[in-house]
Structures are given as structure tokens and as C-alpha cells.
Amino acid sequence: MTMRRLLLIPMLILASASALASSTIRFGSRLVSVGDTEGMVLKVAGRPDSREPVENKYGALLGYRLEYDLDNKTVLITVLQGRVTDIQEIYR
């Protein structure tokens, strides 16, 4: 392998580790899981730091992306049709 490829591999590993998708996230002693309702997320995690609409290519509202800024990471929870469909953790 060339030196360029050897340097590229660790960089790709670090980039992929910075944003992780999971099916559950812990808020204190409680969990939010894929499939939970938006109401359950708000009950467990509280009010999000931001709430962005998720739209289809025609501009129709599909749901929301809730953002929570925690100590060392940002948590993005996607809620479509009232249910959690994706949870991402972005470490800083």
C-alpha cells in the first residue's frame, strides 16, 4: 500500500466514530428507544435544545429532528409520524 492509503484508513475510522447511530439512548436512568412516541421522548429527555422539521422532496412535513446538547455529545432523535425512527450520537 502507498503511504497515502495508510494515512487514509485511520482518518476514515475516526470520521466514522464521530457520528454513531444506535437504537437506544440513555437520559439519566431512563432510556429512549427506536419505536417510542414523541411524547415519551419529551417525558424522558425533556424539551429539546432545537427542533427541526423533516420534509419530503415536495415540502410536506414528515416529522421532526430533535437535538439535545449534552456534556460531550449532541444527540439527534428523528421522529417520523409520531415515532422515533433514528437516534444519532455525535461526539465532540
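Report follows, based on the coordinates. It should be emphasised that the depicted structure is a prediction, and the values quoted were computed from it without experimental measurement.

Before going further, it helps to examine the pattern of salt bridges. Throughout the structure, instances matching the rule amount to 3 salt bridges. The partner of Arg51 in a salt bridge is Glu38, and the shortest N-O contact between them spans 3.1 Å. Here Arg51 is found in strand β4 (residues 50–55), whereas its partner Glu38 is found in helix α2 (residues 38–45), with 13 residues between them in sequence. One salt bridge in this structure joins Glu89 and Lys73, with 2.6 Å as the shortest N-O distance. Of the two residues, Glu89 is situated in strand β7 (residues 83–91) and Lys73 in strand β6 (residues 73–80); the sequence distance between them amounts to 16 residues. Given a relative accessible area of 11%, Glu89 falls into the buried group. Lys73 gets classed as buried once you look at its relative accessible area, which sits at 13%.

Here we come to the environment of Val34. Inspection of the secondary structure assignment puts Val34 in the loop between β3 (30–33) and α2. Overall, Val34 belongs to the partly exposed group, its relative accessible area being 41%. In this structure the C-alpha to C-alpha distance between Val34 and Asp86, which are 52 residues apart in sequence, comes to 6.2 Å. Discounting residues that sit within four places of it in the chain, Val34 has contacts with Ser22, Ser23, Val84, Thr85, Asp86 and Ile87.

A separate point is the environment of Gly39. In this structure, Gly39 sits in helix α2. Look at Gly39 and you get partly exposed, because its relative accessible area is 46%. A C-alpha to C-alpha distance of 8.3 Å links Gly39 and Gly82, two positions 43 residues apart in sequence.

Here we come to the packing of aromatic side chains. The geometry of two aromatic rings is summed up by the distance between their centres and the angle between their planes. Overall, the coordinates contain 1 aromatic pair when judged by the stated rule. A centroid spacing of 5.3 Å and a plane angle of 65° characterise the contact between Phe27 and Tyr68, whose relative ring orientation is edge-to-face. A residue pair is termed long-range when its members are at least 10 positions apart, and Phe27 in strand β2 (residues 24–27) and Tyr68 in strand β5 (residues 61–69) qualify at 41 residues. For Tyr68, a relative accessible area of 3% gives the class buried. When the ring centre of Tyr64 is taken as origin, the NZ or CZ atom of Arg51, which lies over that ring, is 3.7 Å away.

Cut-offs used in this document
Residues numbered from 1 in each chain as written. Predicted model: local features only at pLDDT ≥ 70, side-chain atom pairs only at ≥ 80, totals over all residues. Heavy atoms only, no water. Salt bridge = Lys/Arg side-chain N within 4 Å of Asp/Glu carboxyl O. Helix = DSSP H or I, 4+ residues; strand = E, 2+ residues; numbered from the N terminus. Buried < 20%, exposed > 50% of the residue type's maximum accessible area, 1.4 Å probe, protein only. Contact = heavy atoms within 4.5 Å. Phe/Tyr/Trp six-rings, centres within 6.5 Å; stacked < 30°, edge-to-face > 60°. Lys NZ or Arg CZ within 6 Å of the ring centre and 35° of its normal.

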